[in-house]
Structure formats: structure tokens, C-alpha cells
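Architecture and fold: a report
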Amino acid sequence: MKFFRFLALSLTALLFVAPILRAQDFSKYRDFSLGTNLATVLKRTEKKLADVTTTHGAPALFQEVTWWPSSLPGASSRSDSVEQVLFYFFNKELYKIAVTYDQSSTEGLTAEDLIRTISAKYGPPASIVPEPAVTLNIGYDMQQKTVASWQDSQYRLNLVRTASSDRFGLVIYSKRVNADAELGLVEAAKLEKEQAPAKEAERQKKETDALELTRQLNQRSFRP
């Protein structure tokens, strides 16, 4: 009898816990999943290849796509609390998503308010960072203070606040791919530094050749 009572209690507890466990999928943000290829993200955001920014081409390919959810057809400026989403790709694989919330949508909200709302989807945070908070550079020259973090063995989600404007956002990334990407960025910076003298010489030669061509044309057409 005790066994069956224990079994019933265990099954009941599992029914309550299961939805929470399913909600704790840190690889997903709305309709987007880390690991998705570039073509899929372009289709879902209604963007084109011309909207893709290549930040580094070698030794690995780094690309970014900026999306404004309210820019979709039929969307009003107040239809979404998100102002901007920045997708980061490493060799055409989505490995990081940076979300910036619309400032008017978070006006008056405290960090605790946002933590409570995000926890309803992702479960309780693994850590809440007290002041002074650590900073995280998410890639576009804006220092972010980490407010709270949710994570598992593969993925991490940070609630962040911009130091300069006090705006809130989310940064979601794959731990493994982000580590590879960080190494790739170091190598890309090293390669660019090595190639800089040759590129500068090539740029100057093009300018000199263009100026000489203009000179020759003006020599033929100039009339005193």
C-alpha cells in the first residue's frame, strides 16, 4: 500500500514538474533556435541576403542580421515589446541572439519584474548578479551588465542591462559554438592585422591609378 501511495505521489509530482522542464529549453527564443542556418532565419524574418552583414570572412565566416519585429507587415509600433533582435552566425550557423527591448515597454519595470516574467518561461534563474554587475560585450560596442542568468550544460541566457542607456535585453548563446567563435574572432583579428599593410598598399595604388586616369582625361579635355 505504501508503495502505491509513493508511486501516486511521484506521478503527481512529475505532472507538475514536466511542464517546467519542457519550458527550460534555452536553445530557443520565440520562433528561433540556436543552430539554425542562415537561410532559415532570413526566411522567418523576411530578410534578404543583401541584409546580411559579413563582419569577418576568414579564417572563419562571421555574419550578422538585424531584425526589427515591428517592421513586419501589419505590425504596429506597440505590438511587440522587442525593439531589435541581432542574430549572430558562425560559419552560417546561428550561435547567439541579442535582444533589445523597446524602452517604452519596460519603462517602470524593475529587474525583479523582468526576472519573474522570464522565469515563467525558462524556470528560476541559475544566478542573479548583484551590483556591481559584470559586463559582457555582445558585439556591437555596447557594454552590458548581466542582471540574471539561466543555463544548462549547452546553452546560456542572460538578462542584461545596457550601462549607458539603462535598457534591458536578452543574450542567448550556445556555450560550445560561442567558445569556438571567440577563438575564431581572435584569429580573424590576427589575420586582419597581418594583412593590413598589403591592403593599405593596394588601397593607395587604386587611388593613385584612379587619380592618374582622371588626370589623363582632363589633359585631353581641358581648354584654357
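Report follows, based on the coordinates. (Residues numbered from 1 in each chain as written. Predicted model: local features only at pLDDT ≥ 70, side-chain atom pairs only at ≥ 80, totals over all residues. Heavy atoms only, no water.)

Our next topic: the pairing of strand β3 (residues 53-56). Across 3 bridges, β3 lies against strand β4 (residues 62-67) in antiparallel orientation. Opposite Thr53, over in β4, you have Glu64 as the bridge partner. Here β3 hands over to β4 after 5 residues, the two strands then running antiparallel side by side. (Pairing = 2+ DSSP bridges. Helix = DSSP H or I, 4+ residues; strand = E, 2+ residues; numbered from the N terminus.)

Bringing helix α5 (residues 175-221) into the picture now. Working note: α-helix, 3.6 residues per turn, so residues spaced by three or four point in the same direction. Maximal helix bending in α5 amounts to about 45°, located at Ala196; proline Pro197 follows within four positions. When α5 is considered as a whole, its buried residues turn out to be Val177, Asn178, Ala181, Gly184 and Ala188. Where α5 is buried, its residues touch β3, β4, β5 (82-90), β6 (93-101) and β11 (168-174). (Bend = angle between axes of the 7 residues up to and from the residue. Buried < 20%, exposed > 50% of the residue type's maximum accessible area, 1.4 Å probe, protein only. Contact = heavy atoms within 4.5 Å.)

Relative to the helices and strands, Leu114 is located in helix α4 (residues 111-122). Distance in space between the C-alpha atoms of Leu114 and Phe168 is 8.9 Å, their sequence separation being 54 residues. The residues contacting Leu114, other than those within four sequence positions of it, are Leu109, Leu159 and Phe168.

With that out of the way, let us pick up the packing of aromatic side chains. A full pass over the atoms with the stated rule returns 7 aromatic pairs. For the ring pair Phe32 and Phe87, a centre distance of 4.8 Å and an interplane angle of 55° mean the geometry is tilted. In this pair, Phe32 sits in strand β2 (residues 32-33) while Phe87 sits in strand β5, placing the two residues 55 residues apart along the sequence. Here Phe32 and Phe87 have matching classes, each one buried. Grouping aromatic residues by their ring pairs yields a cluster made of Phe62, Tyr88, Phe90 and Tyr95. (Phe/Tyr/Trp six-rings, centres within 6.5 Å; stacked < 30°, edge-to-face > 60°.)

When you line up the elements, Asn37 lands in the loop between β2 and α2 (38-45). Residue classification places Asn37 among the partly exposed positions, given a relative accessible area of 39%. Each C-alpha atom, one on Asn37 and one on Asn91, is 9.1 Å from the other, the two residues being 54 residues apart in sequence. In contact with Asn37, not counting residues within four places along its chain, are Phe89 and Lys92. Engagement of the side chain of Asn37 in a polar contact is seen with the backbone nitrogen of Ala39, the distance being 3.3 Å. (Polar contact = N/O pair within 3.5 Å; in protein donor to acceptor, adjacent residues only side chain to side chain.)

Within the largest apolar cluster, 32 residues are counted, with the highest numbers of intra-cluster contacts made by Phe87, Ile97, Val99, Trp150, Leu159 and Leu170. In terms of residues, this core owes the most to one element, α4, which gives 5 residues. Setting aside residues no more than four positions away along its own chain, Ile97 makes contact with Tyr29, Phe32, Leu34, Val85, Leu86, Phe87, Leu170, Val171 and Ile172. Phe62, Leu86, Tyr95 and Ala98 belong to the second largest nonpolar core, which has 9 residues in total. (Core = buried A, V, L, I, M, F, W, Y, C linked by side-chain atoms within 4.5 Å.)

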